[in-house]
Amino acid sequence: MAPQASAVDADNLFIPIIDFSLFLNGTPEQRTEAARAILSGFQSAGFIYLTNHSIPLETVSHTFATSAEFFKRPQAEKEALGWTTPEANRGYVSHGREKVSTLLTKEAVAAAKAAAPDLKESLEIGREGAEGLPNNWPSGDEAAVHFKETMLAFHDLAKELHINVMRAIAVGMGLDEAYFDGYTDVGDNTLRLLHYPEVEKSVFASNKLQVRAGEHTDYGSITLLFQDMRGGLQVKSPKGTFVDATPVPGSVVVNAGDLLARWSNDTIKSTLHRVVEPPAPEEGDVHPARYSIAYFCNPNFTSQIEAIEGTYGGEKGEKKYKGINSGDYLVQRLAATY
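Thresholds applied
Residues numbered from 1 in each chain as written. Predicted model: local features only at pLDDT ≥ 70, side-chain atom pairs only at ≥ 80, totals over all residues. Heavy atoms only, no water. Salt bridge = Lys/Arg side-chain N within 4 Å of Asp/Glu carboxyl O. Helix = DSSP H or I, 4+ residues; strand = E, 2+ residues; numbered from the N terminus. Buried < 20%, exposed > 50% of the residue type's maximum accessible area, 1.4 Å probe, protein only. Pairing = 2+ DSSP bridges. Axes fitted to C-alpha atoms, helices over the stretch in contact; angles between N-to-C directions. Contact = heavy atoms within 4.5 Å. Core = buried A, V, L, I, M, F, W, Y, C linked by side-chain atoms within 4.5 Å.

**Student:** Would you mind showing me how to read the pattern of salt bridges here?
**Tutor:** Should their charged atoms come close, side chains of opposite charge can pair. Counted by the stated rule, this structure contains eleven salt bridges. For Glu121, the salt bridge is made with Lys78, and the minimal N-O distance between the two is 3.0 Å. Highlighted residues: Glu121 in strand β5 (residues 121–125) and Lys78 in helix α4 (residues 75–79), separated in sequence by 43 residues. Among the residues examined, Lys78 registers a relative accessible area of 3% and is labelled buried. The residue Asp181 makes a salt bridge to Arg167 at a minimum N-O spacing of 3.1 Å. Of this pair, Asp181 sits in helix α7 (residues 181–184) while Arg167 sits in helix α6 (residues 142–172), and the two are 14 residues apart along the sequence. Among the charged side chains, a salt-bridge network with shared partners connects Arg73, Glu77 and Asp141.

**Student:** Explain the pairing of strand β2 (residues 13–19) here, please?
**Tutor:** The side chains of a regular strand alternate between both faces of the sheet. Bridging between strand β1 (residues 6–10) and β2 involves four bridges; their strand directions are antiparallel. When the bridges of β2 are listed, Ala10 appears paired with Leu13. Counting the residues in the hairpin turn of β1 and β2 gives two residues, including Asp11, whose phi is positive at 50°. Relative to strand β3 (residues 47–51), β2 runs parallel, the two being bridged by three bridges. Within the sheet, the bridge partner assigned to Ile17 lies in β3 and is Tyr49.

**Student:** Just checking my understanding: could you explain the sheet that holds strand β6 (residues 190–196) for this structure?
**Tutor:** Within a beta sheet, neighbouring strands are joined by backbone hydrogen bonds and run either parallel or antiparallel to one another. With mixed pairing, the nine strands of this open sheet are ordered in space as β1-β2-β3-β12-β9-β15-β6-β5-β4. Among the strands making up the open sheet, the edge pair consists of β1 and β4 (91–93). Within the sheet, the average angular offset between the axes of one strand and its neighbour, ignoring direction, is 20°. Two elements, strand β9 (residues 222–227) and strand β15 (residues 290–297), share six bridges in a ladder whose sense is antiparallel. Across the sheet, Phe226 pairs through a bridge with Ile293, a residue of β15. Of the strands in this sheet, β2, β3 and β12 (252–256) are in contact with helix α2 (residues 28–44), which crosses β3 at around 150°.

**Student:** Before we go on, may I ask you to explain the nonpolar core in this structure?
**Tutor:** Among soluble globular proteins, nonpolar side chains are generally buried collectively. Among the nonpolar cores identified, the biggest contains 56 residues, and Ile38, Phe42, Leu50, Ile169, Leu193, Leu224 and Phe226 are the most heavily contacted of them. A total of eleven residues in this core trace back to one element, the largest contributor, which is α6. Filtering out sequence-adjacent residues up to four positions away, Ile169 remains in contact with Ile38, Leu39, Phe42, Phe180, Leu260 and Ile268.

**Student:** Can you help me understand the pairing of β6 in this one?
**Tutor:** In terms of burial, β6 is largely enclosed, as seven of its seven residues are buried. Residues of β6 alternate between two faces, with Thr190, Arg192, Leu194 and Tyr196 on one and Leu191, Leu193 and His195 on the opposite face, all of them buried. Bridge analysis of β5 against β6 gives five bridges, and the strand direction is antiparallel. Looking at the pairing, Glu121 lines up with His195 of β6.

Put into structure tokens, the structure is as follows:
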């Protein structure tokens, strides 16, 4: 195999760029090799970049444009779609309401939020049709109809990608390819549209704690991150430094979450990351707006998560964690964030 391309190679942090079409459409040997590269990336860095990932680039571009139009709506319209509860995890989140962090109590999060609120707004879209958990859709015009159609279609495409990445992890681990299918078929995942508004450089200069999104790990199995070319995402290296995860055109960034790390008995890493002040603008004193789309993937909320076979026993040691219900775990984590 040729030397592996990387998106990041600094401070002992190597984040590979992997052609996912080799797993989706390759020979048996290519599929196995790609699966092992994916698993290795998650085990060593917790992050990988996938190219040729099955979601058409024009679809990604269209979804970004549709997202940007939503955030242009009057603030009152957006607030009417407001996020309500951790159980629902759906709706609009205004600037400063959420503080992503490593903190586990509402009191600690509130203090961090007061010191340096995250500079972003978002819309959370869950599985459509979940009983008692309706999505909060804009309404009243043709653009709202188009928005809903676009986001539901993207949700379905990202769900399929999630299933295939988990199949690659299974193959990499030497498990049956369908090992995770019974955990991913429902699609209890969250599509998050993110808008980081333009911000003056002085905001970061006057408050050294200020970031666009604080350092954190994600909660679920994996996250699919589609980012624009503005930059600002950083990943924590083994040396303790934060390294720029530079955007790669046409790629999706995939990172392992806390629940997958737990599921794998910590053989897979859930790595700290954040969104900070982007590179200095070429002109003026204002950083342009940044948009991203994150698809947070979870095992079906009814699933009981126990350590994956082959990740414990003998020289590998005992199970590190008790079994836990996927839905309960996510609610517990979200409750501290808002």
